[in-house]
Amino acid sequence: MITDLQKQAYHRDGYLIVPKLFSQEEIDLLYAVATDQSVVSQAFDLNDQSGKKTKLTLWFTAGDDSFGLMSRSRRLVEGVQSLLGEGEVCHFHSKVMQKEPHVGGSWEWHQDYGYWYKNGFLFPEAMISVMVALTDATIENGCLQVLKGTHKMQRFEHLFAGEQQGADMDFVREAEKVSELVYCELKAGDVLFFHSNILHRSEANLSDKARWSVISAYNLSYNKPFREKHTSCIEPVQVVDDTALLASGQRTVTQADFLSKDKEITLQDLK
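Criteria and cut-off values
Residues numbered from 1 in each chain as written. Predicted model: local features only at pLDDT ≥ 70, side-chain atom pairs only at ≥ 80, totals over all residues. Heavy atoms only, no water. Buried < 20%, exposed > 50% of the residue type's maximum accessible area, 1.4 Å probe, protein only. Helix = DSSP H or I, 4+ residues; strand = E, 2+ residues; numbered from the N terminus. Pairing = 2+ DSSP bridges. Salt bridge = Lys/Arg side-chain N within 4 Å of Asp/Glu carboxyl O. Contact = heavy atoms within 4.5 Å. Core = buried A, V, L, I, M, F, W, Y, C linked by side-chain atoms within 4.5 Å. Axes fitted to C-alpha atoms, helices over the stretch in contact; angles between N-to-C directions.

Caption draft 1: Region of interest: the pairing of strand β10 (residues 181-184). Residues V182 and C184 point to one face of β10 and are all buried, whereas L181 and Y183, pointing to the other face, are not buried. Here strand β7 (residues 144-147) runs beside β10; their pairing, made up of four bridges, is antiparallel. Residue pairing in the sheet places L144 in a bridge with C184 of β10.

Written out as structure tokens, the structure is:
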């Protein structure tokens, strides 16, 4: 699925967009599961600096529900393998991002490894995030923004910004001087692969259209965290065929090991 040119672009820029990796029929099924009460009822809010709320539902083990079959699909796992290189691909967690019209909050500048460092992972190069757009993501409704190439700057210190962890803005401002700002606009079904150390953010959704996505985070099995209690991140993915998602029909996320806000390690002072 991933060409040599795409691999080069990922390692150069820190992100890669693959258009139309999921069909409209598959997206319709995933969106129906995302908006089901089994997912929505498990969501928690994080306030941005303006007080607007970002909302997400996060779980660890990739099971036999529709999102588990998506995360374990050959197209995603082989894509991750191609970009991360040698090692056994494991599913760290998945999260449904729910940015509702007019009220969905922003995400501050951060690196995913700025969070995952606090979970005790040692090797950022062994980690990646994969966003599947469930609705169109535009500048107007708060699509992801990246600072191109900042994955090569390694990890910045992360501090509280509202209820979120945000990268040290002195360093972000310096990065902005030398790195191109890219708006990662996506159509539903497009997939964005992004490095664990790339600086990224998103604006609040001030439009009248929702922005929903699901992000699956992956890790290579040798990268064993010393603080993270969930073991999915070091258990190799049981890959399923790409046809499994539609063949199984709509399966809600009912037996998942959901994360609760009070258990989120990045919200705790570890010093």
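Caption draft 2: Quick peek at helix α5 (residues 74-84). Along α5, the residues that are buried comprise R75, L76, V77, G79, V80, L83 and L84. Two residues or fewer past α5, G85 is found with a positive phi of approximately 90°.

Caption draft 3: A look at the pattern of salt bridges. Taken as a whole and assessed by the stated rule, the structure comprises 10 salt bridges. Of the charged contacts, one joins R12 and D13 as a salt bridge, the two residues approaching to 2.9 Å between their closest N and O atoms.

Caption draft 4: A look at unusual backbone geometry. Positive phi outside glycine occurs at K20, with the angle close to 55°. Of note, K20 is situated in the loop between β1 (15-18) and α2 (24-34).

Caption draft 5: Main features of the side chain of S106. Position of S106 relative to the elements: it lies in the loop between β4 (89-99) and β5 (107-110). Residue classification places S106 among the buried residues on the basis of a relative accessible area of 9%. Not counting residues within four places of it along the chain, the set of residues in contact with S106 comprises D48, T54, K99, Q164, S202, E203 and A204.

Caption draft 6: Spatial organisation of the nonpolar core. Membership of the largest hydrophobic core comes to 37 residues, with the highest contact counts inside it found for F22, F67, L76 and F193. Counting only elements with at least two residues in this core, the list comes to β1, α2, α4 (66-71), α5, β4, β6 (127-133), β11 (191-195) and β13 (211-220). Leave out the neighbours within four places in its chain, and F67 touches L30, V33, A34, W59, V96, L134, V214 and V253. If you look at the next biggest cluster of nonpolar residues, it comprises 30 residues, including L56, V182, L192 and I215.

Caption draft 7: Region of interest: the sheet that holds β10. Taking strand neighbours across the sheet as the criterion, the four strands line up as β5-β12-β7-β10 in an open arrangement whose pairing is antiparallel. The open sheet is flanked by β5 and β10, the only strands paired with a single partner. Sheet twist, expressed as the mean angle between neighbouring strand axes with direction ignored, is 20°.

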